[in-house]
Amino acid sequence: MSEEENIEENNQQNGGEYGDESSQGIERIDDYNLSHNYLFRICLLGDAGVGKTSLITRFCDDSFKVNYNNTIGLDFRVVTLRYKDIISKLHIWDTAGQERFRFLALNYLHNAHGFVFVYDITDKNSFNNIENWLSTALDKNKKSIANFLIGNKCDKEGERKVSQEEAERFAKEKNLFFLESSAKSNDNVQKIFYYFTLKLIEYYSNNEYVEEENMVLSSTKTEEIPIIRPGENKCKC
C-alpha cells in the first residue's frame, strides 16, 4: 500500500472526507462581542521548543518569529469562527513544555474538549515524549472528543528524524488524527484548528443532550454537517 493510501486509511477511521479546501466553509469573525452557539476549548501539549506558540501565533495573527520566549504555565487566545449559521468561540490554550512549569497547566486539562499533541519532526525525543503527554492528558480528561497528533516544522525536511510512517502508525494505535504542519511556511496550520472546530460542531449537532460541564452554550441541530477527515496529511513544504 502506498504512503498516500496509508494516510487516507488512517484518517478514514476517524471521520469522512476533508476535501481540498482547508477552510471547509469556515470564516473568521473579528467581532468578539457576537453571541455564539458553542464555546470550545483546545489545548496544545508537547515539549518545549516544538512550536506550539508558533502554531497559535500563525493561526491567530498570521505571523511567525524564529524565536519565542518559553511559555510559563499557560497562555490563552480566543478566536471566533462562523460555519454556516453556527458561531463558535475557540479558546486556544498554549501550555508550558518545560518540566518546571508543567504542573501549572495540569489543572486546566479536564476542561478541554480536545488536545493537539505537538512534536518536532527534527527532534525524535519530542516524538517519544508524546506518549507521556497523551497519558497525562487522558488521565486528567477522559471525555475529550477530538485529539490530534501534529508533526510540526515540516519545512525542515532535510533534518527529519521522525518519519511520517512512524508517526502515522502511532496515531492509528492511539486513535489520533494525524497531520504534519509548518508554522514558518504556514502549511496546514489553519487546517488543524478548522478541523477541530468542525469535528466538535459535528459531534454536538448530532447529540440532543449536552452536558453542562462541556460548556456548550447551545445544542442547535444543523443540516448537512459534513463528515470530514484531514485527507492529504503530508506537508507540502
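Description of the structure in this document.

**Details of the overall build of the chain**
Argument step 1. Check the secondary structure of the chain and you find seven helices and seven strands.
Argument step 2. Put simply, the chain runs from its N terminus to its C terminus through helices and strands in the order α-β-β-α-β-β-α-β-α-α-β-α-β-α.
Argument step 3. Looking at the chain as a whole, 53% of its 237 residues are labelled buried.
Argument step 4. Across the chain, the fraction of contacts at a sequence separation of at least 24, relative to all contacts at a separation of at least 6, is 79%.
Argument step 5. Taken as a whole, the chain presents about 11400 Å² of accessible surface, with 43% of it coming from carbon and sulfur.

**Structural notes on the packing of helix α2 (residues 52–61) against helix α7 (residues 189–205)**
Argument step 1. The contact between α2 and α7 brings their axes to 9 Å, and the two run at 80°. Taken together, the axes of α2 and α7 are roughly perpendicular relative to one another. Between α2 and α7, the residues in contact are L55, I56, R58 and F59 and V189, Q190, F193 and Y194, respectively.
Argument step 2. Along the lines of polarity and charge, the residues of the contact of α2 with α7 split into six nonpolar, one polar and one charged.

**Quick notes on the environment of H91**
Argument step 1. Mapped onto the fold, H91 is located in strand β4 (residues 86–95).
Argument step 2. Under the relative-accessibility criterion, H91 is labelled buried at 16%.
Argument step 3. When the C-alpha positions of H91 and V79 are compared, they lie 6.7 Å apart, and in sequence the two are 12 residues distant.
Argument step 4. If sequence neighbours within four positions are ignored, H91 has contacts with L39, F40, R41, I42, F76, R77 and V78.

**Details of the pairing of β4**
Argument step 1. Here β4 lies mainly inside the structure; 10 of its 10 residues are buried.
Argument step 2. Of the two faces of β4, the one holding I86, S88, L90, I92 and D94 and the one holding I87, K89, H91, W93 and T95 are both buried throughout.
Argument step 3. Bridge analysis of strand β2 (residues 38–45) against β4 gives seven bridges, and the strand direction is parallel. By the bridge assignment, L39 is partnered in β4 with K89.

Calculation notes
Residues numbered from 1 in each chain as written. Predicted model: local features only at pLDDT ≥ 70, side-chain atom pairs only at ≥ 80, totals over all residues. Heavy atoms only, no water. Helix = DSSP H or I, 4+ residues; strand = E, 2+ residues; numbered from the N terminus. Buried < 20%, exposed > 50% of the residue type's maximum accessible area, 1.4 Å probe, protein only. Contact = heavy atoms within 4.5 Å. Areas by Shrake-Rupley, 256 points an atom, 1.4 Å probe, with all protein chains shown as cover. Axes fitted to C-alpha atoms, helices over the stretch in contact; angles between N-to-C directions. Parallel < 35°, antiparallel > 145°, perpendicular 65-115°, else oblique. Nonpolar A, V, L, I, M, F, W, Y, C, P; charged D, E, K, R; others polar. Pairing = 2+ DSSP bridges.

These figures come from the coordinates and say nothing about function on their own.
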